[in-house]
Amino acid sequence: MQSEQMPPAQSHGGHEMFDAHEMLTSTINVLDQYMIFRPHVNDQELLSILDRQYDYMTTQYNRMVEALSTGQKPSMSIQPYEMPASNNVTYGMKPSQPKKPSGTLSEVSEEGLSAQMQGLLKSATSMFAMGAPEVTNPVLRRVIADCIPDFIEMAYEVFLYQNRNGYYQVPQLQQADMDKLLHAFSPSRANIQQSNQGPMH
């Protein structure tokens, strides 16, 4: 049966259903982890990021649930996620204490909590990117695909917070090595139609 002959709510493949359930469950896990982290966050900037991202992800989750259950465009529209912070990155390495696991819950810090947040966002982004191309319902596929740049932006926002606080340092290569890598590629002028017009054997 062709998808055009099916009601939108039934226009889902079996594999897609499993992937959609995995993506929605992953989103629930991220939201639940944020809820668990919240009482342990003392820094107001990180708390603001956590709350803003939690609210945004909740809206994204509700849109995915609606698109899955109806097969139609969600009733809620959403703007792309925009972080209020600048994109300024501090480069270079400064001496710091070696990292190690926390021995007690009281040792868990903003450094560890923000790293957990970033890891969760990166994992969810990867899952959405892997699953979206195989979602047969075009509306659900678009809703999931639209989440990907938003989750990337949220992970980048957490990275910037970590970088500002010295938790995530960004080393650079020596200039000579950087120059070699920057110029290691050149533009292509290849044309697939012209390249296949050679003599036939």
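Details of the structure are given in the entry above.
A short tour of the structure in this document, coming up. Being a predicted model, the structure only gives us computed values, none of them experimental.

Some details on the environment of Ala-155
Piece 1. Topologically, Ala-155 is positioned in helix α4 (residues 138-164).
Piece 2. Classification of Ala-155 by relative accessible area gives buried; the value is 9%.
Piece 3. Apart from the residues lying within four places of it in its own chain, the contact partners of Ala-155 are Gln-118, Leu-121 and Lys-122.

Structural notes on the side chain of Asn-163
Piece 1. Within the element layout of this structure, Asn-163 appears in helix α4.
Piece 2. If sequence neighbours within four positions are ignored, Asn-163 has contacts with Asn-88, Val-89, Thr-90, Tyr-168 and Val-170.

Observations regarding helix α3 (residues 110-131)
Piece 1. With 22 residues, α3 extends 31 Å from end C-alpha to end C-alpha; this agrees with the ideal 32 Å at 1.5 Å per step.
Piece 2. Where α3 is concerned, the buried positions are Glu-110, Leu-113, Ser-114, Met-117, Gln-118, Leu-121, Ala-124, Thr-125, Phe-128 and Gly-131.

So, the pattern of salt bridges
Piece 1. Summed over all chains, the structure comprises 5 salt bridges.
Piece 2. Residues Asp-51 and Arg-38 are paired through a salt bridge, measuring 2.7 Å at the closest nitrogen-oxygen approach. You can see Asp-51 sitting in helix α2 (residues 44-70) and its partner Arg-38 sitting in the loop between α1 (14-37) and α2, a full 13 residues away along the chain.
Piece 3. When the shortest N-O distance is used, the salt bridge between Arg-164 and Glu-45 registers 2.3 Å. A residue pair is termed long-range when its members are at least 10 positions apart, and Arg-164 in helix α4 and Glu-45 in helix α2 qualify at 119 residues.
Piece 4. Look at Arg-164 and you get partly exposed, because its relative accessible area is 38%.

With respect to the packing of α2 against α3
Geometry of a packed helix pair, given as the angle between the helix axes and the separation of the axes.
Piece 1. One can describe the packing of α2 onto α3 by two numbers: an axis separation of 12 Å at closest approach and a directional angle of 20°. Overall, the two elements α2 and α3 adopt an arrangement that is roughly parallel. Seen from above, α2 lies across α3 with left-handed handedness. Only Glu-110, Leu-113, Ser-114, Met-117, Leu-121 and Phe-128 of α3 make contact with α2, whose side of the interface consists of Leu-46, Ile-49, Leu-50, Gln-53, Met-57 and Met-64.
Piece 2. Here the residues of the contact of α2 with α3 sort into 9 nonpolar, 2 polar and 1 charged.

So, the nonpolar core
Piece 1. Among the nonpolar cores identified, the biggest contains 40 residues, and Met-57, Met-117, Leu-121, Phe-128, Ile-144 and Phe-151 are the most heavily contacted of them.
Piece 2. Those elements giving two or more residues to this core turn out to be α1, α2, α3 and α4.
Piece 3. The element that contributes the greatest number of residues to this core is α4, accounting for 12 residues.
Piece 4. Those residues within four positions of Met-117 in sequence are excluded, and the remaining contacts are Tyr-34, Phe-37, Leu-46, Ile-49, Leu-50, Gln-53 and Val-158.

Observations regarding the packing of aromatic side chains
Piece 1. For the coordinates displayed, the defined rule picks out 5 aromatic pairs.
Piece 2. With centroids separated by 4.8 Å and ring planes inclined at 85°, the aromatic side chains of Phe-159 and Tyr-168 adopt a geometry described as edge-to-face.
Piece 3. Classification of Tyr-168 by relative accessible area gives partly exposed; the value is 35%.
Piece 4. Every member of this aromatic cluster is reached through a ring pair, and the members are Tyr-156, Phe-159 and Tyr-168.

Here we look at the packing of α3 against α4
Piece 1. With their axes 9 Å apart at the nearest point, α3 and α4 run at an angle of 160° to one another. Put simply, α3 runs roughly antiparallel to α4. The handedness of the crossing between α3 and α4 is left-handed. Every residue of α4 that contacts α3 at Glu-110, Glu-111, Ser-114, Ala-115, Met-117, Gln-118, Leu-121, Lys-122, Ala-124, Thr-125, Phe-128 and Ala-129 is listed here: Ile-144, Cys-147, Ile-148, Phe-151, Ile-152, Met-154, Ala-155, Val-158, Phe-159, Tyr-161 and Gln-162.

Cut-offs applied
- Residues numbered from 1 in each chain as written.
- Predicted model: local features only at pLDDT ≥ 70, side-chain atom pairs only at ≥ 80, totals over all residues.
- Heavy atoms only, no water.
- Helix = DSSP H or I, 4+ residues; strand = E, 2+ residues; numbered from the N terminus.
- Buried < 20%, exposed > 50% of the residue type's maximum accessible area, 1.4 Å probe, protein only.
- Contact = heavy atoms within 4.5 Å.
- Expected span 1.5 Å × (residues − 1).
- Salt bridge = Lys/Arg side-chain N within 4 Å of Asp/Glu carboxyl O.
- Axes fitted to C-alpha atoms, helices over the stretch in contact; angles between N-to-C directions.
- Parallel < 35°, antiparallel > 145°, perpendicular 65-115°, else oblique.
- Left-handed = near helix turned anticlockwise from the far one by under 90°.
- Nonpolar A, V, L, I, M, F, W, Y, C, P; charged D, E, K, R; others polar.
- Core = buried A, V, L, I, M, F, W, Y, C linked by side-chain atoms within 4.5 Å.
- Phe/Tyr/Trp six-rings, centres within 6.5 Å; stacked < 30°, edge-to-face > 60°.

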